[in-house]
Every structure is written in C-alpha cells, then in structure tokens.
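Close look at the chain arrangement
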Amino acid sequence: MSALDLWSMAFVFLLATFVGLQVIQNVSRLLHTPLMSLTNAISAIAVVGSILIAGEEHTMMSTILGSVAVAASVTNIVSGFLITDRMLKMFRDRRPKA
Amino acid sequence: MMRTHFIQASYLAAATLFILSLRWMSDPKTARRGVAAGVGGMALAIAGTLLHPEIISFTWIVVAAVIGTIIGVPLSRVPLTAVPQRTALSHAFGGMAAGLVGTAKYFLWLQEGQLTAFRTGAIALEVILGYLTLTGSLMAAGKLQEIVPTRPITYRGQNVVNLSLLAVAAAAAIYLTYAPQTWQLMILIIVLALAFGVLLIVPIGGADMPTVISLLNAYAGLSAVAMGFVLENKVLIVAGALDGSSGLILSIIMCRAMNRSFTNVLFGAFGQVQTASGAGEARVAKSGTPRDAADLLGNAGSVVIVPGYGMAVAQAQHRVREIYDQLTRRGVDVKFAIHPVAGRMPGHMNVLLAEAEVPYDALIEMDDINHDLPQTDVVLVIGANDVVNPAARSDPKSPIYGMPIIDADKARFVIANKRTMSPGFAGIDNDLYYADNTLMVFGDAKSVLGDIVKGLSAEAAVH
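The structure presented is a predicted model; accordingly, all values stated were derived computationally and were not measured. (Residues numbered from 1 in each chain as written. Chains lettered and ligands numbered in written order. Predicted model: local features only at pLDDT ≥ 70, side-chain atom pairs only at ≥ 80, totals over all residues.)

A few words now on the overall build of chain B. When helices and strands are counted, chain B shows 17 helices and 6 strands. Principal axes of the C-alpha set define a box for chain B whose edges measure 85 × 50 × 35 Å. Residue burial in chain B is summarised as follows: out of 463 residues, 54% are buried. A separation of at least 24 residues holds for 80% of the contacts in chain B among residues at least 6 apart in sequence. (Helix = DSSP H or I, 4+ residues; strand = E, 2+ residues; numbered from the N terminus. Buried ≥ 20, exposed ≤ 12 C-beta atoms within 10 Å, placed from the backbone. Contact = placed C-beta atoms within 7 Å.)

For the rest of this paragraph, the subject is the overall build of chain A. When you go through chain A residue by residue, the secondary structure sums to 4 helices and 0 strands. Put simply, chain A runs from its N terminus to its C terminus through helices and strands in the order α-α-α-α. Over its C-alpha atoms chain A spans a radius of gyration of 19 Å, topping by over 25% the 13 Å that the globule rule assigns to 98 residues. Overall, chain A is about 65 × 35 × 15 Å in size when its C-alpha atoms are taken along their principal axes. Considering chain A as a whole, with its 98 residues, one finds that 62% of them fall into the buried category. At a minimum sequence separation of 6, the contacts of chain A that also span at least 24 residues come to 61%. (Rg over C-alpha atoms; globule rule 2.2 N^0.38 Å.)

Residues and elements named next belong to chain B. For chain B, the assigned domains read domain 1 (2-266) and domain 2 (290-462). Using only C-alpha atoms to locate each centre, domain 1 and domain 2 end up separated by 37 Å. With 19 residues of domain 1 at the contact, the number on the domain 2 side is 17 residues. Listed by contribution, the elements that provide at least two residues to the side of domain 1 that touches domain 2 are α4 (83-112), α8 (209-231) and α9 (234-258). (Domains from an automatic or database assignment.)

Note on interface size: it is often stated as the accessible area lost on association of the parts. On the chain A side, the residues contacting the 94 residues of chain B number 81 residues. Within the residue set of the side of chain B that touches chain A, elements represented by two or more residues are α1 (2-23), α2 (31-50), α3 (59-75), α4, α8, α9, α14 (348-355) and β3 (363-365) of chain B. The biggest single contributor to the side of chain B that touches chain A is α4 of chain B, with 16 residues.

Residues and elements named next belong to chain B. With 5 of its 6 residues buried, strand β1 (residues 302-307) lies for the most part within the structure. Pairing between β1 and strand β2 (residues 333-338): 4 bridges, direction parallel. Within the sheet, the bridge partner assigned to I305 lies in β2 and is F336. Sheet topology places β1 next to strand β4 (residues 378-382); 5 bridges connect them, and they run parallel. Within the sheet, the bridge partner assigned to V303 lies in β4 and is V378. (Pairing = 2+ DSSP bridges.)

For any two helices packed against each other, the geometry is given by the interaxial angle and the distance between the axes. All names here are of chain B. The N-to-C vectors of α4 and α8 enclose an angle of 25°; their axes lie 9 Å apart at closest approach. In terms of orientation, α4 lies roughly parallel with respect to α8. For the crossing formed where α4 meets α8, the hand is left-handed. In this structure, α4 uses P84, T87, A88, H91, G94, G95, A98, V101, G102 and K105 to contact α8, whose residues at the interface are M209, I213, L216, N217, Y219, A220, S223, A224, A226, M227 and V230. (Axes fitted to C-alpha atoms, helices over the stretch in contact; angles between N-to-C directions. Parallel < 35°, antiparallel > 145°, perpendicular 65-115°, else oblique. Left-handed = near helix turned anticlockwise from the far one by under 90°.)

Residue and element names in this part refer to chain B. Located in the positive-phi region is E146, a residue other than glycine, with phi close to 60°. Its 10 C-beta neighbours within 10 Å are what place E146 among the exposed residues. One non-glycine residue, E232, adopts positive backbone phi at about 50°. Relative to the helices and strands, E232 is located in the loop between α8 and α9. We classify E232 as partly exposed; it has 15 C-beta atoms within 10 Å.

On to the environment of V379 of chain B. All names here are of chain B. Counting through the fold element by element, V379 comes out in strand β4. Accessibility expressed as a C-beta count within 10 Å gives 29 for V379, which makes it buried. Along the sequence, V379 and I323 sit 56 residues apart, while their C-alpha atoms lie 13 Å from each other. Excluding residues within four positions of it along the chain, V379 makes contact with V304, V306, L373, A408, A411 and V414.

On to the pairing of β2 of chain B. Residue and element names in this part refer to chain B. Relative to β3, β2 runs parallel, the two sharing 3 bridges. The partner of A337 across the bridge, within β3, is I364. Each parallel crossover has a hand, and for β2 linked through α14 to β3 it is right-handed. (Right-handed = clockwise from strand over helix to strand, strands pointing away.)

Turning our attention to the nonpolar core. In this structure, I45 and A46 of chain A together with I128, L297 and V306 of chain B are the most contacted members of the largest nonpolar core, which totals 195 residues. Looking at this core, the element that brings in the most residues is α8 of chain B, giving 16 residues. In terms of domain composition, this core takes at least three residues from each of domain 1 (2-266) and domain 2 (290-462) of chain B. Leaving out residues up to four positions away in the same chain, L297 of chain B has contacts with V303, L327, V378, L380, I452 and L456 of chain B. (Core = buried A, V, L, I, M, F, W, Y, C linked by C-beta atoms within 7 Å.)

All names here are of chain B. Close contact between α8 and α9 brings their axes to 7 Å; oriented N to C, the two are set at 160°. Taken as axis vectors, α8 and α9 run roughly antiparallel relative to one another. When the axes of α8 and α9 are compared, the crossing they make is left-handed.

This paragraph deals with the sheet that holds β3 of chain B. All names here are of chain B. Strand order in the open sheet formed by 6 strands is β3-β2-β1-β4-β5-β6, and the pairing between neighbours is parallel. Taken across any chain shown, the strands that pair with only one partner, and hence form the sheet edges, are β3 and β6 (438-442). Each neighbouring strand pair of the sheet contributes to a mean axis angle of 25°, computed without reference to strand direction. Sheet topology note: the β4/strand β5 (residues 413-418) ladder contains 5 bridges and is parallel. Bridge pairing links L380 to I415 in β5. On top of the sheet, helix α11 (residues 290-298) reaches β1, β4, β5 and β6; it is set at about 140° to β6, its chief contact.

Right, let's talk about the confidence of the model for chain B for a bit. Looking at chain B as a whole, its pLDDT mean stands at 91, while 94% of the residues score no less than 70. The ipTM value of the predicted complex is 0.96, and its pTM value is 0.93. (pLDDT = per-residue confidence, 0-100.)

Following this line, the structure appears as structure tokens:
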C-alpha cells in the first residue's frame, strides 16, 4: 500500500465522520432507538471483510475465525434491519377522530 | 480490471445508500424508506464482495450466513422492553466480528511476511476496540437482562487499574508496530482488551445504561472503521464512521440529560452517585384513590403525562393509551413529556408508547414541554421519579443537582402513581410527592391506571 492510499483513507474517514455528525443531528429524537438498531445493521458491513477471510480459505484458523465473523455480522444485519422496520411501523400519526 | 471497477462501484453505491438511509430517519414519515435504503446498500455491498476473485469457496460463507439468519430472526422479535439488551448484544457481535477479522488478518500476514508497521498498528487498534466492545457489551446486556448484578461494583483504585490495563495494551500495540513478528504481544493485547471491556462496565449502575449503550455503539462503529483501514476498504470506513458518529452524538445527548461530563463517561468512572442522602424527617404525602385521580383528570382542560420506566416494568402502556383516548375524546388536551433518559436506552420510551398506539405527535421532548407546564392543569406522573425531582433545580447538595428535569411541579395539580413511598433508582427523596398540590395514588401502575380508566368512563356515562 502506498502512503497515498493511507491518506486517502484518512480523508474518507474524516469526511464520512462529518457527514455522519451532520445527518445524525437531524434525526428525530423520537426515533433514537430505531436509529441505533439501524446504524447497528449498517455497521455490520463488517460482513464484507469477514466474507473475504472466510472465502479465501488460506488456513484453517482464518477460515474458522472468518466464518464466525460472517455469522455474527449476518445476525446483526438480519435482526438489525428487521427490528428497525418493526419499530418504525408502530410510529403513527394522530388518528383521524372517529 | 473490469471486475475491480464493478466491485468498487457497488461499494460507492452502498455508501451513498447508507447516508441516505440515515437522512431519511429525520422524520417518522420517511423513516421506513431509510430501512429500505439500508437493506439495498447492504445487498449491493455483499454482492460486490462476492465477486472478489480471491474467494475460492462459498461453502463456509453460506453456512455462516444461514446460522446468522437463524439467530437474527428471533432476535428481531424480542419484546420492546428487551430492545436495549438486544442492542447491547448486537454491539457485542459487531465488536466480535471486528476482533476476529483483525486476529485472522494478523496471523495470515504474519505467515506470509506481509506485516507492515501501518497494518500492524491498524490491526492492534481494531482488535482492542473490537474485543473490548465484545465483553463490555456482553456485560451491559447481562446487566440489562439482570443476569449480572445490576448494582455498580466499585473498589479503591478502580480507575488506576482500568487505565493501566489500557496503557499496557497501548504500549504493546506501539511496540508491535516496530516488531510486528512478536505475536505473543498480539495475544496479550487481545487478553487485555477482553478484560478491559468487563472492568469498564463493572462499576456502572442501571441508571447509566442509556449512556453506556451509546458509548459502546460508538466503539463498535470505530472498530469497523479500524477494520476498513486494515483491509483498505472504504465502504467499511464510511459505514463505521456513520455508526461511530451516531454513537458519539447519542452519548453526548445522554450525558447532557444526566448532567455528566463526557470525560467522566469516557473513563467509566460513573454510577457512583449511589450515596443515598438517606433518612429525611418523616413527612406526610397526600394520598388519594384512583377515583379521585379520575375526577381531577376529567375536569382538566390540559393534561401532561410523564411516563417513566416503572410504567414499562408494570406493562401499563396500554392503560396509559386508554386514559389518553378517554381524555382526548372529551376534548382534553393530552400530551406526553419525554425525558431523554426515560427508559433504558436513547428514545426507548417513544418506542414503548408507539407500540401502545399513542400517536407520535403527542410525544413531546422535555425542552419543548417545559414551556407549557406552568399553564398545564394536571400532570400525571407514572413510574418516573428522578426526572421530575425539583431538587435537581434547587438543592445543590442533591446528587442529581443540575440534571435537567421535567418541571412537573409547576403545573396546577400533580398526580403521581408509585408502588410505595420508597425512593427511586438513585435513592433520592422527592419533594414533589409532599407538595400541597400533589396527590399520590399508590399501587401497581397497571391496576391503578385501569381503575382510573374505569372512573373516567363511569363519569362519561353520567354526563
């Protein structure tokens, strides 16, 4: 990896953090619990790294560690998105008076 | 080459969708679209990853994905009171994935002689953050589920012990960047990080859980960022940074709501306010029946309900909704005052009330409702205590002095439901209960509120 790669990653991190701070500050306070389960699912993007380690099958140990990491990440993806949607479905506007 | 472009383009699209996903969370009306965007982004990123030519076999990937789905689906169906535990558990899984990938990468590169100073440093960071999030979150989940004692456990020199553990791990990490081959140090770092996670949560009491969960959220995000640096993968860095900044903002909001400094939380040196001010002189509170409460509520023009976690423990949300319905039908203006730390995690109370079908536009933030309280006829406090304790405003000696509260005492009348007169979570006496305009209704929240509903409907029948 060249030194430039390192710096471009640092820039990505910096900019993504600022975007994150900005976007999250605008999230409705009503939705902070679903927000946390949603970001949880999103950060399970770690599945990307886990898949590579598990799929390359370099050594037995790396395959085992990678597969456990895939299972953990998929758990977060599945449960994170499902429970976020389940909670958001409950938020209703004032019902029309019958 | 073509394939590389394809993979990177899928990552770029995924990162875009993740940002949009969080943007759409700004309003309950668009929030579900946010989930769809998140799912789409994740699907794209996974599809792109599966195109990598380095993958020689899909067997274990598929097996692991099936196992993950089997665990994940039931975890998404837990009761909403258990959402904090589920969240802590998923932080633990996130931390574990980061830690395991870091460990695997280190030993692979060690074998292949490809460890550089930068790679080793990034892995050390990933491993420290990942494993401390793993054990810390498991401890937090255990405390929330009450498998682990919820009482904070403190001892002399706790901070010194914790900080020196972290310092040793950091020193080992720095040495490793100079001598990447000393794998024994990597093992040491892993052990220290695992231990540090446990010790970090041991001194923390139940009342501080919302802050701790947010903080662990930030750590989980940062461990994903570190993984991105190790694997030189920018979508990991973006998604991790989004998660990390979310955790950071929520921690800051929770800190403010508890009146704690951020550094205080960072070092885990909290949960020690348990020094109960103890026995005050015996004072008498005015107590009444649910029927009295129903009369008071039925004749009010405006009512503000202050729900606390006690309401959720008693499973009284649906009774609360019935009171809301009864009063609204009579033309009473009813709102809910939501303190940021009402519940066990940020925003928890909103979800609990939404499940009981209370419309979200009746849920008002503490800062907004406080302007209205002096003009409010009746405040109904259910299972909340410290968040309505006026001592936070007036008594500098009180452990909760300075904590922002809901000004329930400024309303014309207060009805407070509690099981007994015993002080709340933080063990602090509450002057609100002894005020002249306060009516205490003792008993289990669910049955008391049920009786109030009956009282209200009986009254309505008379009119």
